[in-house]
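These are the residues of each chain, in order.
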Amino acid sequence: MLHERFQQVDKAQLARRFGAAARHYDAHARFQQEVGQALLARMGEGSMTEMRPGAGLDLGCGTGFFLPALAGRCQQLHGLDLAPGMLAQAALRGSGARLVCGDAEALPFADQSLDWVFSSLALQWCERPAQAFAEIHRVLKPGGQIFFSTLLAGSLWQLREAWGAVDGHAHVNRFLALPQLQQAIGAAGFQAPELTSVTWSLAYLELNDLLRDLKGIGASQVNDDRAAGLGNRQRLRRLGEAYERHRQPDGLLAASYEVCLGRLVRR
């Protein structure tokens, strides 16, 4: 199970894509920032008070948006990301975190060396989710915790449906269904996970605003079965027409994400 591949990812290309988006990422990351703030709030709900002030990790730290808020929650903070370009932006935060370029599926930390891990909207890019959770289990001390958010199947279903009407292809990343996520967590050695599924609803004036945000954060499709990209102007026009069925009474276009907010404890 740990070596079962959910998706095939060219990680070098993924790192380049996110790295290229790093300088303007935050301007397009309203959704990502909202989810991360919700995850931070969960860290402050009781269970966080049980944490020992030791070493913490922001796994998939990106531009380091949450590093300043996390810095006061431990004595030694690490920020890890696959993209050097993201880490270059994170270094500008002045959080004092030790920044490391690395892969969630092969964490460059010693066994039982971390007290907690924070990871917001990063684990969905892993090829082998169970392997990533197993690595987190390995590096956490007994009693250590991970607070994470990840995207679930059904995210951006409106965009997937609209693309299907244009050329029969999804052009949208696949994400784990909740039972698959639970299976990956169990296979990694975690027990009694605390998981909450939340629908995050966004609204845009025009479809191009949504597409601009997706491009702006570097979240292009990474699944191995992707078809051609956005394509020519005619196909984009047809996509816009197909997406119009999701325009709401208030005149805005709906876009929704399914998000899992989770807390796991290493026994």
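Look up a bit, the structure's there.
Here we summarise the structure given alongside this text.

Cut-offs applied
- Residues numbered from 1 in each chain as written.
- Predicted model: local features only at pLDDT ≥ 70, side-chain atom pairs only at ≥ 80, totals over all residues.
- Heavy atoms only, no water.
- Pairing = 2+ DSSP bridges.
- Helix = DSSP H or I, 4+ residues; strand = E, 2+ residues; numbered from the N terminus.
- Axes fitted to C-alpha atoms, helices over the stretch in contact; angles between N-to-C directions.
- Core = buried A, V, L, I, M, F, W, Y, C linked by side-chain atoms within 4.5 Å.
- Buried < 20%, exposed > 50% of the residue type's maximum accessible area, 1.4 Å probe, protein only.
- Contact = heavy atoms within 4.5 Å.
- Salt bridge = Lys/Arg side-chain N within 4 Å of Asp/Glu carboxyl O.

1. Quick word on the sheet that holds strand 6 (residues 194-204)
Then step 1. Ordered by their spatial adjacency, seven strands build an open sheet running 3-2-1-4-5-7-6, and the pairing between neighbours is mixed. This sheet does not close on itself; its edge strands, each paired only once, are strand 3 (98-101) and strand 6. Each strand of the sheet is rotated relative to its neighbour by a mean of 15°, with strand direction disregarded.
Then step 2. Of the strand pairs in this sheet, strand 5 (residues 140-151) and strand 7 (residues 253-265) are connected by seven bridges, and their pairing is antiparallel. Within strand 7, the residue paired with Phe147 across the bridge is Arg263.

2. Quick look at the nonpolar core
Then step 1. Within the largest apolar cluster, 41 residues are counted, with the highest numbers of intra-cluster contacts made by Phe31, Leu159 and Tyr257.
Then step 2. Leaving out residues up to four positions away in the same chain, Phe31 has contacts with Leu121, Leu151, Trp200, Leu202, Tyr257 and Val259.
Then step 3. Judged by nonpolar contacts, the second largest core, of 31 residues, contains Phe109, Leu140, Phe148 and Leu152.

3. Re helix 8 (residues 207-216)
Then step 1. Of the positions making up helix 8, those classed as buried are Leu207, Leu210, Leu211, Asp213, Leu214 and Gly216.
Then step 2. In the segment just after helix 8, Gly218 is the residue with positive phi, at about 80°.

4. Comments concerning unusual backbone geometry
Then step 1. The phi dihedral of Leu121 falls on the positive side, at around 55°, and the residue is not glycine.
Then step 2. In this structure, Leu121 sits in the loop between strand 4 (114-120) and helix 5 (129-139).
Then step 3. One non-glycine residue with positive phi stands out, namely Leu156, at about 55°.
Then step 4. Within the fold, Leu156 resides in the loop between strand 5 and helix 6 (157-167).
Then step 5. Judged by relative accessible area, Leu156 falls into the buried class, the value being 6%.

5. What to know about the environment of Glu161
Then step 1. Note on placement: Glu161 falls in helix 6.
Then step 2. As a C-alpha pair, Glu161 and Thr63 span 98 residues in sequence and 31 Å in three-dimensional space.
Then step 3. Glu161 has contacts with Arg245 and His246, leaving out every residue within four places of it along the chain.

6. Focus: the side chain of Gln131
Then step 1. With respect to the element layout, Gln131 can be found in helix 5.
Then step 2. Classification of Gln131 by relative accessible area gives buried; the value is 16%.

7. Some remarks on the pattern of salt bridges
Then step 1. Applying the stated criterion to the full structure yields 15 salt bridges.
Then step 2. Among the salt bridges present, the one from Arg5 reaches Glu127, with a minimum N-O distance of 3.6 Å. Of this pair, Arg5 sits in the segment before helix 1 (11-25) while Glu127 sits in the loop between strand 4 and helix 5, and the two are 122 residues apart along the sequence.
Then step 3. The exposure class of Glu127 is buried, given its relative accessible area of 8%.
Then step 4. Here the salt bridges do not stand alone but share partners, grouping Arg5, Glu127 and Arg128 into one network.

8. Some details on the pairing of strand 7
Then step 1. Within strand 7, 13 of the 13 residues are buried, leaving the element largely enclosed by the surrounding structure.
Then step 2. Burial of the side chains of strand 7 extends over both faces: Leu253, Ala255, Tyr257, Val259, Leu261, Arg263 and Val265 are buried on one face and Ala254, Ser256, Glu258, Cys260, Gly262 and Leu264 on the other.
Then step 3. Of the strand pairs in this sheet, strand 6 and strand 7 are connected by 11 bridges, and their pairing is antiparallel. When the bridges of strand 7 are listed, Tyr204 appears paired with Leu253.

All we've got here are geometric facts, nothing functional implied.
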